[in-house]
Amino acid sequence: MLRLRKDSDIIVLLGDFMLSIKSRKEIKLWILSLLLFIATFLRYIFNQFTEVKDVFHHLMFLFYIMVFLLGYMFFRSERKALKFSQFHHMFFFLAIVFLSFIAFIIYPNSEYNHMFTQYLDVLMWLSITFWGFVSIPNNLLNQVIQKYYFIAFVTGTVFLISTASHRLGRNEIFNENTIGLFLAPFLIYLCITMKNHFLRVIVYLLGGIYLFYSNAMASFVGFVLFPIFAFLLLRFKKSRMVYSLYIFVGLLVTLFVITLNSHFLTEILSNRNLLWKIYFKNIISFWQTFLFGTGNWYADIADPLLKGLHAHHAFLNIVHFTGIFALIFYLCLIIFSTRKQIKHFTVSDGILFFIVTFQFAESSVPLFNFMFPSMIFYWNLFLNKQSEDFLKS
């Protein structure tokens, strides 16, 4: 029987996530996490109430702004000077916005107008987020997002229980891939922060089984692979080099899959390889679409089985939408958000790897829409460079 010391991992984690009511500071952090999650959850019930979708859209922004306004009010006395070099990588997103503007100037049509408007919407959200990270101590925002992982995990578990008991359909409110994504970040958090190696292995194995049961294969693969990535990152220490190689290999594998005609791959990838072929053909069909994209996130697909689906590959979707240079800037945004050298593998490292892996199978991340994957992706782009400093505090 495993004995737990008074300061064991489980007691510490329960104290951190369930019983922190004695600390007024912890209560404030939980309030911010709940507000952040409400903004996210409203996005998922958005489609259930189409007649009042404008109301939900405004409520999402309201709750999100409240996270930073209250955070500033709660913790302005703890604010510390920040180095703006920690956020220089965000200029790569500005480059994407500028690129979409150039495309609209050269080709002033409705597609490029829509594309430019989409990026302006994301820029507006990122500006709010940037203000929040400049105004509020980032170690506290790191605690907010970690509590947010826990709330998402509980929500995903409740949803799985509801679907298993047939009170909800599997794709009602949340789709299957979303549920796995709700579960994985907190499991990654546990695997990285637990000091007891035996419990860490148990959580990893049970977490993998849990994600497999949720039928979210993209999330399952990202979770299973993250210890391998952690080993490589700790072995070579150069985070940007490892990320660059990982993404490069992933893109090569994608291109290789596109060249194959395999019924087996179609079954394994749930028709994703067919979508990749269609989007890739659109991209290379004309030099304009290769350089500036089509201005459409969704391809015009005749096949009724695939009609209305995005590429299920964020990197392909970006090229299809805005062109090859936008993809280069987007990859630079990811790579340069990480630390040059690492000493420790942090929770932010695990989450960022997981969500980058997720983007090889899904397209919902780059264009921020308050959904969970976009939220944790962009927040960790802001947090990763400082994540080892949070360990000291």
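This text goes with the structure placed above it.
The residue count restarts for each chain, going from 1 along the sequence in the order it is written. Reporting in this predicted model follows two pLDDT cut-offs: at least 70 for local features of residues, and 80 or more for side-chain atom pairs to be given and counted; totals over whole chains, interfaces and linings ignore these cut-offs and use all residues. As a convention, hydrogens and water are excluded, and side-chain values are obtained from all of the structure's heavy atoms.

Here we take up a nonpolar patch on the surface. Each patch groups residues whose relative accessible area exceeds 30% and which form no salt bridge, using 9 Å between like charges and 5 Å between nonpolar side chains of Val, Leu, Ile, Met, Phe, Trp and Tyr. Values of accessible area rely on a 1.4 Å probe in the Shrake-Rupley scheme; residue burial ignores everything except the protein chains shown. Salt bridges are defined as contacts in which a side-chain nitrogen from Lys or Arg sits within 4 Å of a carboxyl oxygen from Asp or Glu. The grouping of V221, L225, I228, F231, L232, F236, M241 and L245 at the surface amounts to a nonpolar patch, some 700 Å² of accessible area in total. Only DSSP runs of H or I reaching four residues or more are called helices, and only runs of E reaching two or more are called strands; each is numbered from the N terminus. Breaking the nonpolar patch down by element, the ones donating at least two residues are α9 (217–236) and α10 (239–259). If you tally residues by element for the nonpolar patch, the top one is α9, at six residues. Note on placement: L232 falls in helix α9.

Bringing the packing of aromatic side chains into the picture now. To pair, rings of Phe, Tyr and Trp, with the six-membered ring standing in for Trp, must have centres within 6.5 Å; the planes then decide the type, stacked if under 30 degrees apart, edge-to-face if over 60, and tilted in the middle. Counting across every chain of the model gives 49 aromatic pairs. Ring centres of F37 and Y148 lie 6.3 Å apart, and the angle between their planes is 65°; this geometry places the pair in the edge-to-face category. A residue pair is termed long-range when its members are at least 10 positions apart, and F37 in helix α2 (residues 24–44) and Y148 in helix α6 (residues 138–164) qualify at 111 residues. For F37, a relative accessible area of 9% gives the class buried. When a residue's accessible area, from a 1.4 Å probe over protein chains only, is under 20% of the maximum for its type it is buried; when over 50% it is exposed; and in between it is partly exposed. Residue classification places Y148 among the buried residues on the basis of a relative accessible area of 0%.

So, about the pattern of salt bridges. Applying the stated criterion across every chain yields a total of four salt bridges. A salt bridge links R339 to E388, with the shortest nitrogen-to-oxygen separation between them at 3.0 Å. Residue R339 is found in the loop between α15 (324–335) and α16 (347–358), and its partner E388 is found in helix α18 (residues 387–392); the two are separated by 49 residues along the sequence. E388 sits in the buried class, given a relative accessible area of 13%. Each of the salt bridges in this network shares a partner with another, and the network as a whole consists of R339, D349 and E388.

The next thing to look at is the environment of H114. Checked against the element boundaries, H114 lands in helix α5 (residues 110–135). Between the C-alpha atoms of H114 and G295, which are 181 residues apart in sequence, the distance is 7.0 Å. Residue contacts are defined here by distance: any two heavy atoms, one from each residue, within 4.5 Å place the two residues in contact. In this view, H114 contacts G295 and F321; residues no more than four positions away in its chain are not counted.

Angles here are taken between N-to-C directions and fall from 0 to 180 degrees, while the axes themselves are lines fitted to C-alpha atoms, restricted in helices to the stretch in contact. Closest axis-to-axis distance for the α16/helix α17 (residues 372–383) pair is 9 Å, and the angle between their directions is 135°. Comparing their axes, α17 and α16 come out oblique. For α16 against α17, the interelement crossing comes out left-handed. Contacts between α16 and α17 involve S348, I351, L352, I355 and F358 on the former and, on the latter, P373, I376, F377, N380, L381 and L383. Throughout, the ten residues Ala, Val, Leu, Ile, Met, Phe, Trp, Tyr, Cys and Pro are labelled nonpolar, Asp, Glu, Lys and Arg are labelled charged, and all others, Gly among them, are labelled polar. Here the residues of the contact of α16 with α17 sort into nine nonpolar, two polar and no charged. For classification purposes, an angle smaller than 35 degrees is called roughly parallel, one larger than 145 roughly antiparallel, one from 65 to 115 roughly perpendicular, and anything else oblique. Working rule for handedness: look at the near helix, and if it is turned counterclockwise from the far one by less than a right angle, call the crossing left-handed; if clockwise, right-handed.

Turning our eyes to something else, we now look at the packing of α5 against α17. In the contact formed by α5 and α17, the axes pass within 11 Å of each other and the chain directions differ by 45°. Here α5 is positioned oblique relative to α17, judged by the angle of their axes. The crossing of α5 and α17 is right-handed. Here α5 contributes V122, W125, L126, T129, F130 and F133 to the contact with α17, which in turn contributes M375, Y378, W379, F382 and L383. Partitioned by chemical class, the residues of the contact of α5 with α17 number 10 nonpolar, one polar and no charged.

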